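# Structure assessment
Spelled out from the first residue to the last, the chains are:
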Amino acid sequence: QVQLVESGGGLVQAGGSLRLSCAASGRTFYGMGWFRQALGKERVLVAAISWSDGSTNYADSVEGRFTISRDNAKNTLYLQMNSLKPEDTAVYYCAAREGFLSQYKYWGQGTQVTVSS
């Protein structure tokens, strides 16, 4: 079975940093990404990475502040979040897809990130 387990969320002051991790088990994927959903808002893509070549893309709102990376040996995804802002407050979800054109099919349980003023 496929499992994605996030960790690393918590409470941080504005301007601080957090590093999220997502441990994947059961199989490998074409690509993985991080999504977030703020209270009362739609779930949006934050960052994505190809598992094969490491190519990445970011939402405009986090470009230059967040970095997505992966450790192929550990089958683990990371999101380094720097210069955090209160508007970054959301539940962050790890997700995986099976192909370049496929939708994100597998999801983690989510981890709460709260950024205080």
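Heads up: these notes are all about the structure in this document. (Residues numbered from 1 in each chain as written. Predicted model: local features only at pLDDT ≥ 70, side-chain atom pairs only at ≥ 80, totals over all residues. Heavy atoms only, no water.)

## Observations concerning the overall build of the protein chain
Stated formally: A helix here means a DSSP run of H or I that spans at least four residues, while a strand means a run of E at least two residues long, and both kinds are numbered starting from the N terminus. As a reference, a globule follows 2.2 Å times the number of residues to the power 0.38, and the radius of gyration itself is taken over C-alpha atoms. Summary of the burial criterion: residues with accessible area below 20% of their type's maximum are buried, those above 50% are exposed, and those between are partly exposed, where the area comes from a 1.4 Å probe applied to protein chains only.
The secondary structure content of the protein chain amounts to zero helices and 11 strands. Listed by position from the N terminus, the elements making up the protein chain come as β-β-β-β-β-β-β-β-β-β-β. Here the protein chain has a C-alpha radius of gyration of 13 Å; the compact-globule value for 117 residues is 13 Å, and the two agree. Summarising its shape, the C-alpha atoms of the protein chain cover approximately 40 × 25 × 25 Å along the three principal directions. With 117 residues in all, the protein chain has 43% of them scored as buried.

## A few points about the state of the cysteines
Put simply, the rule reads: Cysteine sulfur atoms are paired as a disulfide whenever they come within 2.5 Å of each other.
For the structure on display, the rule yields one disulfide. Between the sulfur atoms of C22 and its disulfide mate C94 the distance is 2.0 Å. Between C22 and C94 the disulfide shows an S-S torsion of about -75°. By sign, it is left-handed. Of the two residues, C22 is situated in strand β3 (residues 18–25) and C94 in strand β9 (residues 90–97); the sequence distance between them amounts to 72 residues. Each member of the pair, C22 as well as C94, is classed as buried.

## Comments concerning the pairing of strand β8 (residues 76–81)
Looking along a regular strand, one sees the side chains alternate between the two faces of the sheet. Filter applied, for reference: A pair of strands is labelled paired if DSSP reports no fewer than 2 bridges between them.
For β8, the tally of buried residues reaches five of six residues, placing the bulk of the element in the interior. Bridge count for β3 against β8 is six bridges, and the pairing is antiparallel. Paired with L20 across the strands is L79, a residue of β8. Bridge count for strand β7 (residues 66–71) against β8 is six bridges, and the pairing is antiparallel. Opposite F66, over in β8, you have M81 as the bridge partner. Where β7 folds back on β8, the antiparallel hairpin that results is connected by four residues, among which N75 adopts a positive phi of roughly 50°.

## Re the pattern of salt bridges
Side-chain pairing between opposite charges can occur once the charged atoms of the two side chains come close. Condition: When a carboxyl oxygen of Asp or Glu is within 4 Å of a side-chain nitrogen of Lys or Arg, the pair counts as a salt bridge.
The tally for this structure, following the rule as stated, stands at two salt bridges. The residue D88 makes a salt bridge to R36 at a minimum N-O spacing of 2.9 Å. Linking D88 in the loop between β8 and β9 with R36 in strand β4 (residues 31–37), this pair joins segments that are 52 residues apart in sequence. A relative accessible area of 1% means that D88 is categorised as buried. Linking R65 and D88 is a salt bridge whose minimum nitrogen-to-oxygen distance equals 2.8 Å. Residue R65 is located in the loop between β6 (56–58) and β7, and its partner D88 is located in the loop between β8 and β9; the two are separated by 23 residues in the primary sequence. Each of R36, R65 and D88 takes part in one network of salt bridges that share partners.

## Quick look at the sheet that holds β8
How we decide: Angles run from 0 to 180 degrees between N-to-C directions of axes, and those axes are lines fitted to C-alpha atoms, restricted for helices to the stretch in contact.
The strand order β1-β3-β8-β7 describes an open sheet built from four strands, whose pairing is antiparallel. The open sheet has two free edges, formed respectively by β1 (3–7) and β7, since each of these has just one partner strand. Here the strands of the sheet are splayed against their neighbours by 15° on average, with no regard to which way each runs.

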